[in-house]
Amino acid sequence: MDENIKNLIGWWKLKGQRERDPFIKFFFFYVCFDAWITAESGKDSDRDKIRWFLDNDNCLKEHRMGFWNAPRAQSLLKNMRNLSPIEDMRPGHRGKYTELNDVNNIEEVIWFIYQIRCNLFHGSKDPMNSRDANLVELSGELLEKWIVWAHHKCS
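Procedures and definitions
- Residues numbered from 1 in each chain as written.
- Predicted model: local features only at pLDDT ≥ 70, side-chain atom pairs only at ≥ 80, totals over all residues.
- Heavy atoms only, no water.
- Helix = DSSP H or I, 4+ residues; strand = E, 2+ residues; numbered from the N terminus.
- Expected span 1.5 Å × (residues − 1).
- Polar contact = N/O pair within 3.5 Å; in protein donor to acceptor, adjacent residues only side chain to side chain.
- Salt bridge = Lys/Arg side-chain N within 4 Å of Asp/Glu carboxyl O.
- Buried < 20%, exposed > 50% of the residue type's maximum accessible area, 1.4 Å probe, protein only.
- Disulfide = S-S within 2.5 Å.
- Phe/Tyr/Trp six-rings, centres within 6.5 Å; stacked < 30°, edge-to-face > 60°.
- Lys NZ or Arg CZ within 6 Å of the ring centre and 35° of its normal.

Visitor: Can you lay out helix 8 (residues 130-154) for me, pointing to particular residues and giving the numbers?
Guide: Taking 1.5 Å of rise per residue, 25 residues should cover 36 Å, and helix 8 covers 35 Å from first to last C-alpha, within 8% of that figure. Between the side-chain oxygen at the start of helix 8 and the backbone nitrogen of Arg 131 there is a gap of 2.9 Å, and the oxygen is on Asn 129.

Visitor: Lay out the pattern of salt bridges with the relevant residues and their values.
Guide: Under the criterion given, the structure shown has 9 salt bridges. Ionic pairing is found between Glu 144 and Lys 25, a salt bridge with its closest N-O pair at 3.3 Å. Here Lys 25 lies in helix 2 (residues 22-41) and Glu 144 lies in helix 8, a separation of 119 residues in the sequence. Each member of the pair, Glu 144 as well as Lys 25, carries the same accessibility label: buried.

Visitor: Explain the state of the cysteines to me, using residue names and the numbers behind them.
Guide: Under the defined criterion, the tally for this structure stands at 1 disulfide. With a sulfur-sulfur separation of 1.7 Å, Cys 59 is cross-linked through a disulfide to Cys 154. As the torsion about the S-S bond is roughly -100 degrees, the Cys 59-Cys 154 disulfide counts as left-handed. Taken together, the residues span a long stretch of sequence, with Cys 59 in helix 4 (residues 59-62) and Cys 154 in helix 8 at a distance of 95 residues. A residue is classified by how much of its surface remains accessible, and Cys 154, at 17% relative accessible area, is buried. Just so you know, Cys 32 is unpaired, no disulfide at all, and the nearest cysteine sulfur is the one on Cys 154, 13 Å from it. Looking at Cys 32, the relative accessible area reads 0%, which means it is buried. Unpaired in terms of disulfides, Cys 118 finds its nearest cysteine sulfur in Cys 32, a separation of 18 Å.

Visitor: Account for the packing of aromatic side chains, with residues named and values stated.
Guide: Taken as a whole, this structure holds 13 aromatic pairs when the rule is applied. An angle of 25 degrees between the planes, with centres 5.9 Å apart, marks the rings of Phe 26 and Tyr 30 as stacked. Residue Phe 26 and its partner Tyr 30 are located together in helix 2, separated by 4 residues, close to a single helical turn. In this structure Tyr 30 comes out as buried when scored by relative accessible area, which is 4%. A centroid spacing of 6.1 Å and a plane angle of 75 degrees characterise the contact between Tyr 30 and Phe 121, whose relative ring orientation is edge-to-face. Taken as a pair, Tyr 30 in helix 2 and Phe 121 in helix 7 (residues 106-121) lie far apart in primary sequence, 91 residues in all. Put simply, the rings of Trp 11, Trp 12, Phe 26, Phe 27, Phe 28, Tyr 30, Phe 33, Phe 53, Phe 67, Trp 68, Phe 121 and Trp 146 pair up and form one aromatic cluster. In this structure, Arg 64 packs its charged tip against the face of Trp 68, placed 5.4 Å from the ring centre.

Shown next, in the form of C-alpha cells:
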C-alpha cells in the first residue's frame with residue numbers, strides 16, 4: 001500500500017480512537033476501512049471494493065483472525081448477530097434485509113457492516129433509537145479493533 005495512504009489511515013485511526021461519540025467513531029473507522037480497500041483494490045464503487053476485498057488475499061483480511069477470536073470481538077459479533085436482520089433503508093430498497101447468521105463468516109460480517117454504513121450515511125440511523133445506536137456502536141468498535149490490529153500488523 002502507498003505510504004501516503006498508510007499515513008492517512010493512521011491519522012483517521014487516531015482520530016477515531018480519541019472519539020467518544022459512537023456514530024462519529026463508526027464514521028472514522030469506516031473511512032479507514034474504505035480507504036484501505038480502495039487503495040488495494042483500485043476500484044471505485046463500494047460494492048466492487050467489497051467484492052474485491054472478499055475475493056482476494058489481502059493483509060487486512062488475513063489479519064482479522066488476530067483479534068476475531070478474542071473474547072471481546074466474539075462478544076461484539078454475537079451482539080451484532082442478535083440485532084440481525086437489518087433493513088436496507090435506502091429509497092427503492094425497503095423490504096430488503098441483510099442478515100448476520102455466522103459471526104465467523106467474513107462475507108456476512110462485511111455486508112452487515114456495509115448495510116449499517118448505508119443506512120447511516122443515507123440518513124436512516126437515529127441516534128435516539130437504541131437499536132440503531134447499538135448497531136452503530138458495536139460495528140464501530142469491531143472496525144476499530146480490526147483496523148488498529150491490522151494497521152499494526154500490515155505496516
